[in-house]
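Below, each chain spelled out in residue letters.
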Amino acid sequence: MSRNDSKYFSTTKKGEIPELKEELNSQYKDKRKDAVKKVIAAMTVGKDVSSLFTDVVNCMQTENLELKKLVYLYLINYAKSQPDLAILAVNTFVKDSQDPNPLIRALAVRTMGCIRVDKITEYLCDPLQRCLKDDDPYVRKTAAICVAKLYDINAELVEDRGFLESLKDLISDNNPMVVANAVAALAEIQDNSSRPIFEITSHTLSKLLTALNECTEWGQVFILDALSRYKAADAREAENIVERVTPRLQHANCAVVLSAVKMILQQMELITSTDVVRNLCKKMAPPLVTLLSAEPEIQYVALRNINLIVQRRPTILAHEIKVFFCKYNDPIYVKMEKLEIMIKLASDRNIDQVLLEFKEYATEVDVDFVRKAVRAIGRCAIKLERAAERCISVLLELIKIKVNYVVQEAIIVIKDIFRRYPNTYESIIATLCESLDTLDEPEAKASMIWIIGEYAERIDNADELLESFLESFPEEPALVQLQLLTATVKLFLKKPTEGPQQMIQVVLNNATMETDNPDLRDRAYIYWRLLSTDPEAAKDVVLAEKPVITDDSNNLDPSLLDELLVNIATLSSVYHKPPEAFVTRTHSSAQKTEDDDYPDGSESESSVNLANGPGSPPTSSYTIPPSVAPATPPSAAAPVPDLLGDLIGMDNSSIVPVDQPATPSGPPLPILLPASTGQGLQISAQLTRRDGQVFYNMLFENNSQVPLDGFMIQFNKNTFGLAAAAPLQVPQLPPGASARTLLPMVMYQNMSQGPPNSVLQVALKNNQQPVWYFNDKVLFHVFFTEDGRMERATFLETWRSLPDSNEVSKDFPTIVIGGVDATVERLAASNIFFIAKRKNANQDVFYFSAKLPRGVPLLIELTTVVGNPGVKSAIKTPSPEMSTFIFEAIETLLRS
Amino acid sequence: MSGAASALFLLDIKGRVLIWRDYRGDVTAVEAERFFTKLIEKEGDPQSQDPVVYDNGVSYMFVQHSNVYLMTATRQNCNAASLIFFLHRIVDVFKHYFEELEEESLRDNFVVVYELLDEIMDFGYPQYTEAKILSEFIKTDAYRMEVTQRPPMAVTNAVSWRSEGINYKKNEVFLDVVESVNILVNSNGQIIRSDVVGALKMRTYLSGMPECKLGLNDRVLLEAQGRATKGKAIDLEDIKFHQCVRLARFENDRTISFIPPDGSFDLMTYRLSTQVKPLFWVEAQVEKHSKSRIEITVKARSQFKERSTATNVEIELPVPADATTPNVRTSMGSAAYAPEKDALIWKIRSFPGGKEYMLRAEFRLPSITDEEATPERKAPIRVKFEIPYFTVSGIQVRYLKIIEKSGYQALPWVRYITTGGEYELRLI
């Protein structure tokens, strides 16, 4: 059935446009049609043929469906750049929407909906109204989607013209395709609206479940996805729903299967009968396994989802671990995901077989995969106590193969195993020491040094081993230096003989004088002071018992897991991130010009893989507290034998005190990125106002095992246009350290379109970790400017000059104003200034003024009975659209 | 929860946009192209790249087919499973239209491609992907004589896969039961995974709107009907049906009833993970003589009944990448060195059950080796074969009833065949 249209691409001579113009106006039909094809071909290869707009539109009135479609396509592409000319097409559109041929009627409304030009949209309403009630289901299903298009361009128009009601009527349409598209459209509209529009009642639920049996596979997905939001009233209803959804597990379309799984999992939360739950788990297992016979890309999506499912319901696939064994030809991204699931499903029962597999993978050629396999062995050892010994012996076998990166990876995980099972496997240290020379990766080196330091008393030549590293101390990366420092201190405390004494002298000297790394220097000074003031205390601190680690590296936070399970099959479940973290659509966003997403961008964001980004740190992912317990300040008074002070010939007093936090701490900031989500990085932040400027007050706490540096911040577009006014300045954060900073902010830089919203989306990155995304809520009172005080006369005048429609009021029934003076003072501190007070019956009425940025006045009236609950607040301002935020601010201030 | 694609791209092997369709106006082709070409360049091998990637606010999902990438871009939280499956479906649609989906066929047919992109997806929502029905109203030139007056009923019907008014002089149905055996044997000779994936492939040439009912020797069904099972009844672990099969009905009483599409399709697929004795067992001994010579001795044994015979057996034996001058002897069939696969391919046209054949091969190796060399990729032995008139599962089609209101008689033809799927034996 092939034909040769490629000839249309070949006429790329000079003077092409005039030539085409002539052909488009030819009197011969065929010639015109050929010319339009040439125009589309030129458009396809990216040439600008918008200058032919009028000529192409002239060809629109034709009986030839193919030609019509081409002209429509052209219009979709260029109407935006020629809005004035686009109006020429309206008549034909309207006419076509009443054509006897349903194909043409549908085509007309479908295309009109794609042309995002206001003038066209106005004319769309009548045809759309008609098409929603068309006799032909093909036209109705197209019209249903078109309502969502229109809502995206002009939501108000859709609501005013009653399209939402028509769309809701289509849910009861007798044609299943129409129902499915109506559901898709309504679900999308609901997503973008704060009002309840598409509420699923038990009645609609039952209707949609019936339609499920008859609509196309894609329609089934729309319906299942929409229904997964439905909350059943009780266990019985949940069971009923599940019963009607389970047949979908047999569908050949994997998206239908996954959406059905999602719905069943949701309803299962309500089902109390253990028998029913067990039965459902049994039913879901085979379809999930079968997904692994699909195309690799689908397997990938399935595996990312299975990863979530087994965290919530480990029993479903407990006996199916073999299906996750890697095949030789699996793409690497499938193998990596399978490995994750194998670790999750590993148990005492199957560990032998799993270890054989891991060992096999550890000898493959793909380095990343091999490393992950080695690490998997370590994670199994930490997870399964009884299997730890077998895991160790496999690791030792792998070390014997002497492949460099395998050895290094093995040492890293063995360090973790030592942490998990202290005093159990130290007999293998000798074997590990044989590989000492081959280590060249910082993490492996650091791990080995940690092992030597930790077990210095059992390693006869620990001092020699450490000494061999000391020579290159200044050249080592920070990670290794820190470990060397700690290990030498441990060695010294355990074997306080001459050799170690000399070594520690060298190390401390190096770490305090020769380095410009503040973390290293600080840690060295702490040790120094500890050792010189109270060696016993030093022992208690440095050799303290360490908390036991567990393998929680891949268990998501339960509330996040809940959210992700609701999002099964979607991108959110693939990324393992909540939708807010990556959904960037702004309502009625017009064609975006490039690079305007983060206009304040200090750096254009490079590609980030949210799932397991290349930027994620190469650290082992256990939660290990830093090996130095927080130092208890030595009691300076007690004169203790000085071990080191004199030795090195340095006065104690010359030791620099540990830095005090630079900024006074103030009230605690709300935590926005908990350490559990941020791989140990915790961020607390809040907007504040100081000296007439808005700052982002941030606290960074590094609870991870590695120093973090290179912090950068970006703010997504937001209602207030908030953006950073200067680059973020956070010093390198060593493990256990924290830093505060005040980031100056500007407004009106970064405005988002769409309805006002107090959410501030923040992206933050550093050199060691993936990009973190978190949301903050903007506290509006930080925007009130210092010059908001008004004279009484001005106040009255302003109040009168503003129309009554600008007055908004709100009740706070629970707030009590106790002391008037304290309240006035508190409000004044946030730049809300007291003007006057009057009595009205038993109530007190207070008047305040404030000023929003750009000099917009804000007048506030508070009515209350002092000392009794209930405050009525009325505001008047030229910007009443901000009232929600203003009330939030008033409420916060009155409550605090 | 909802979400739709913003655009659909067809890209060439270097990641340049061939044709794209913008559904929502919130992504640009320039950005997509810049991102994707960078991705391909950086990774070299796009096969190693996750098929779902996030970049600057946009999520991209892609699949590859010959020298073309199909990619969607979205800013919302889309149903990823649905969109990726949809991309694979589009491949089928294009293949139906152009026989081959490749850069050249897309260029040659760009007008039809645009028309299809308009029909299969609307505002980023997948709409309709039945190639056969689509070609009734979106036609290539040869068929473009008359103006289509309306979309085929099937597009919006509950039966969306079959048009009315089909007519054949001779009404026939061909049903092929194809089972493919997947097995993974580790280097200790242990079978670590073994399953069978079966498919009922149908080709229907039936008039009108025929109602079909298929009976299998499904244990659950037979036991429910209280029948004494003559012969073997089987347990099918996971069954997947073509959308024409009434799933609710199957859930109720295990009846497989459907109105089939016209032409060929997969009626159902199923999976069994019961462990079966491997049909072929291959043992290889590799001996390295000094550093310059390698000798491989292979025994291949067929472990099925003598009355069956496997055909087109192909055993792929991995050899070192730097092996040269092969010297091969076989007791049956012929063997050829395929350096592009780093393998020796042993072909045996006919391999009866219960037989054992041998192969001995010798290769030269370069005497100098790189000390630092990364270890060789350890490929497994792979086996391909076909065994006609035989199924591992023992599945049987008991009947296929075809009822059409015109009352014609239709002839069902059933065939059985077993093939080697992912049949891998790891080397010792």
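Residues numbered from 1 in each chain as written. Chains lettered and ligands numbered in written order. Predicted model: local features only at pLDDT ≥ 70, side-chain atom pairs only at ≥ 80, totals over all residues.

- The name that an unreviewed UniProt entry assigns to chain B is AP-1 complex subunit mu-2, with the source organism given as Pisum sativum.
- Looking at chain B in UniProt, the text filed under Subcellular location (unreviewed entry) is "Cytoplasmic vesicle, Clathrin-coated vesicle membrane".
- Recorded in UniProt under Sequence similarities (unreviewed entry), the annotation for chain B is "Belongs to the adaptor complexes medium subunit family." (UniProt positions renumbered as here; feature names shortened; annotations may be inferred.)

- Chain A is annotated in an unreviewed UniProt entry as Beta-adaptin-like protein of Pisum sativum.
- The record held by UniProt for chain A lists under Subunit (unreviewed entry) the comment "Adaptor protein complexes are heterotetramers composed of two large adaptins (beta-type subunit and alpha-type or delta-type or epsilon-type or gamma-type subunit), a medium adaptin (mu-type subunit) and a small adaptin (sigma-type subunit)."
- Looking at chain A in UniProt, the text filed under Sequence similarities (unreviewed entry) is "Belongs to the adaptor complexes large subunit family."

**Comments concerning the overall build of chain A**
Stage number 1. A tally of helices and strands in chain A yields 36 helices and 13 strands.
Stage number 2. Relative to its 896 residues, chain A shows a buried fraction of 45%. (Helix = DSSP H or I, 4+ residues; strand = E, 2+ residues; numbered from the N terminus. Buried ≥ 20, exposed ≤ 12 C-beta atoms within 10 Å, placed from the backbone.)

**Observations regarding the interface of chain A and chain B**
Stage number 1. Opposite the 102 residues of chain A that make contact, chain B presents 93 residues.
Stage number 2. Per-element accounting of the side of chain A that touches chain B gives the leading share, 7 residues, to helix α9 (residues 137-153) of chain A.
Stage number 3. Grouping the amino acids of the side of chain A that touches chain B by side-chain chemistry returns 48 nonpolar, 26 polar and 28 charged. (Contact = placed C-beta atoms within 7 Å. Nonpolar A, V, L, I, M, F, W, Y, C, P; charged D, E, K, R; others polar.)

**Remarks on the packing of helix α13 (residues 202-212) of chain A against helix α14 (residues 217-227) of chain A**
Two quantities define a packed helix pair, namely the angle between the axes and the distance from one axis to the other.
Residue and element names in this part refer to chain A.
Stage number 1. Close contact between α13 and α14 brings their axes to 9 Å; oriented N to C, the two are set at 155 degrees. Taken together, the axis directions place α13 and α14 in an arrangement best described as roughly antiparallel. With respect to the hand of their crossing, α13 and α14 are arranged in left-handed fashion. Where α13 approaches α14, its residues Leu205, Leu208, Ala211 and Leu212 are matched on the opposing element by Gln220, Ile223 and Leu227.
Stage number 2. When the residues that make up the contact of α13 with α14 are grouped by side-chain class, the tally is 6 nonpolar, 1 polar and no charged. (Axes fitted to C-alpha atoms, helices over the stretch in contact; angles between N-to-C directions. Parallel < 35°, antiparallel > 145°, perpendicular 65-115°, else oblique. Left-handed = near helix turned anticlockwise from the far one by under 90°.)

**Let's talk about the UniProt feature "domain: Beta-adaptin appendage C-terminal subdomain" (unreviewed entry) in chain A**
Stage number 1. UniProt records the feature "domain: Beta-adaptin appendage C-terminal subdomain" (unreviewed entry) at residues 784-895 of chain A, using the numbering of this structure.
Stage number 2. Overall, residues 784-895 of chain A shows 29% helix and 40% strand. The separation of its end C-alpha atoms is 18 Å.

**Overview of the pairing of strand β12 (residues 856-864) of chain A**
All names here are of chain A.
Stage number 1. Where strand β11 (residues 843-852) and β12 come together, 9 bridges link them in antiparallel fashion. Across the sheet, Phe846 pairs through a bridge with Leu862, a residue of β12.
Stage number 2. In sequence, β11 turns back onto β12 through a hairpin of 3 residues, with Arg854 there showing a positive phi of about 65 degrees.
Stage number 3. As defined by bridge partners, β12 adjoins strand β13 (residues 869-876) across 6 bridges and the pair is classed as antiparallel. By the bridge assignment for β13, Ile860 is matched with Ile875.
Stage number 4. Hairpin connection between β12 and β13: a loop of 4 residues separates the two successive antiparallel strands, and Gly867 in this loop has a positive phi of roughly 90 degrees. (Pairing = 2+ DSSP bridges.)

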